[in-house]
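# Summary of the model geometry
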Amino acid sequence: MADRVTVIGWDGSPLTEAARAALGAASLVAGAAHHLALPEVPPGAERIRLGSVGLAARRIARHRGTAVVLADGDPGFFGVVRTLRAPEHGLEVEVLPAVSSVAAAFARAGMPWDDAQVVVAHERNLRRAVNVCRAHPKVAVLTSPGAGPAELALLLRDVHRTFVICEELGGPQERVTVLTSDKVAEHVWRDPNVTLVIGGGFATGAGAVSGSGAGAAGQGGGAAPAAGGWLAGHDAGYPPALRGWSLPAAEYAAAPDAGEAPQLRAVQLARLGPRQGDLVWDIGSGSGAAAVEAARFGAAVIAVDRDADACARATAAARRFGVLLQTVHGTAPGVLNDLPEPDVVRVGGGGAAVVAECAARRPERIVAHARTRDGAEEVVRAVADAGYAVEVSLLQSVDLDPEAPAPAGQGAGWRERERSVVFLIAGSRGA
């Protein structure tokens, strides 16, 4: 087992005295090619070019002597330290960090980043990284081959963002480029890099980079955050002043309707379970209440409605609640053909035909509702025929007014304000 493992972060600046001393005493040095080319690496030390960190960790564990691992930026932030400290390797690790590449990228852009989301993009999870960029106004993406700026921009499609692409930060070939997302795929970028994806109505500070919104698909978003946030990954407006979920329809300027009942919405969202990295389709979004509440869970949301006024209401609701969502004006199922693949789907209108079309896109979960048993049975068949396990519930909710005057000689009036009786159909796809 190695006597000692020192992990040194490097950001292109001269190594510290402690880092030079550790390198000078090393009998094994692991790192990328540009790390192993540093003049401070002892000529007699065994050298391991890092590919798989896990394989390197096993070789280091078998080494008799002093080992150094070189890594870019802060190796404790989405870096090699997590793998090296895995219990199976039994390594004692000392870390000498440098400035993280994310911090350096935001510094080059002249922007704060305590309110930013940070994601790592690989080919296997690129779609989820893109969904985070859809859902949040400030995202740093640590890219990899096959999951770089061009791929991000292509998958964002008509969601307009500004990209700040930082290549070889701290190195002699450093380059920082600012482009709108529709221009990014026209260029070739060096891997890996840090890409800042900014937009959706966000702006902050002097020198801030702001995106533009346009096109048939609208983008709803919040106002610029105030200074003085307290929780990383959120702006100063977090948490929102209005507490709670499944808020009354009036909070979304919605007219009373069984499909907009907050109790139904609560169960629908519980069955869908929207989360960070997901893309939610809300088909027949109406007031935008379900779409906004899904976005408040951190999911990316596309709200589809054939009524342009409904799309405008959803955008206004998103702005009020400080979330981003995309609205698409069109009639399902035809309008769904050009949408990116969903993780979960709420069908608020369109019946069994729309449900069947959504199921054909193979989301993990689908929810829909029907006002009659015949309608419910049609939806159940569409979901079951697509291979989903189906749950059916009859939901009744009655909104009461406890302040209503009671008839003579009786207790509290509890006048009925609104009654909702619907069938809830939920489909889940096996792994």
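From a predicted model like this one, the values you see are computed outputs, not experimental measurements. (Residues numbered from 1 in each chain as written. Predicted model: local features only at pLDDT ≥ 70, side-chain atom pairs only at ≥ 80, totals over all residues. Heavy atoms only, no water.)

## Quick word on the overall build of the protein chain
For clarity, the cut-off: Note on conventions: DSSP H or I runs of at least 4 residues are helices, E runs of at least 2 residues are strands, and numbering of each starts at the N terminus. Exposure is judged per residue with a 1.4 Å probe applied to protein chains only, and the accessible area is read against the type maximum: over 50% gives exposed, under 20% gives buried, and values in between give partly exposed. Residue contacts are counted whenever heavy atoms from the two residues lie within 4.5 Å of one another. Each accessible area is a Shrake-Rupley result for a 1.4 Å probe, and residues are judged covered by the shown protein chains and nothing else.
Along the backbone of the protein chain there are 13 helices and 18 strands. Expressed as a percentage of the 431 residues in the protein chain, the buried residues total 48%. Pairs at least 24 apart in sequence give 63% of the contacts found in the protein chain among residues at least 6 apart. Summed over its atoms, the accessible surface of the protein chain is roughly 20,100 Å², and 52% of this surface lies on carbon and sulfur atoms.

## Observations concerning the environment of Val379
Checked against the element boundaries, Val379 lands in helix 13 (residues 373-385). Note on Val379: relative accessible area 3%, which makes it buried. Counting along the chain gives 45 residues from Val379 to Leu424, while the straight-line C-alpha distance between them is 9.9 Å. Ignoring any residue separated from it by four or fewer positions in sequence, one finds Val379 in contact with Gly351, Ala352, Val355, Ala368 and Ile425.

## Thoughts on the side chain of Arg361
Which entries qualify depends on this criterion: As used in this structure description, the phrase polar contact means that two N or O atoms lie within 3.5 Å; if the pair is within protein, one of them must be able to donate a hydrogen and the other to accept it, and residues adjacent in sequence are counted only when both atoms belong to side chains.
Following the sequence through the fold, Arg361 ends up in the loop between helix 12 (351-359) and strand 16 (365-370). Residue Arg361 is classed as buried on the basis of its relative accessible area of 17%. Polar side-chain contacts of Arg361 include one of 2.9 Å to the side chain of Glu341. Once residues within four sequence positions are removed from consideration, Arg361 is found in contact with Trp281, Leu336, Asn337, Leu339, Pro340, Glu341 and Pro342.

## So, the environment of Glu260
Note that Glu260 resides in the loop between strand 11 (217-220) and helix 9 (262-272). Considering only alpha carbons, one finds Glu260 and Ser287, 27 residues apart in sequence, at a separation of 7.9 Å.

## Brief notes about the sheet that holds strand 7 (residues 138-142)
Heads up, the rule is: Strand pairing requires that DSSP identify at least two bridges connecting the strands. Under this scheme, a helix contributes an axis fitted over its contacting stretch, all axes are lines through C-alpha atoms, and angles between N-to-C directions fall in the 0 to 180 degree range.
With mixed pairing, the 5 strands of this open sheet are ordered in space as 6-7-10-8-9. Among the strands making up the open sheet, the edge pair consists of strand 6 (117-120) and strand 9 (175-180). On average, each strand axis in the sheet is inclined to that of its neighbour by 20°, with strand direction left out of account. The pairing of strand 8 (residues 161-167) with strand 10 (residues 193-199) spans 7 bridges and is classified as antiparallel. Following the sheet pairing, Thr162 is matched in strand 10 by Ile198. Packing of helix 5 (residues 101-109) onto the sheet brings it into contact with strand 6, strand 7, strand 8, strand 9 and strand 10, and relative to strand 10 it is tilted by some 50°.

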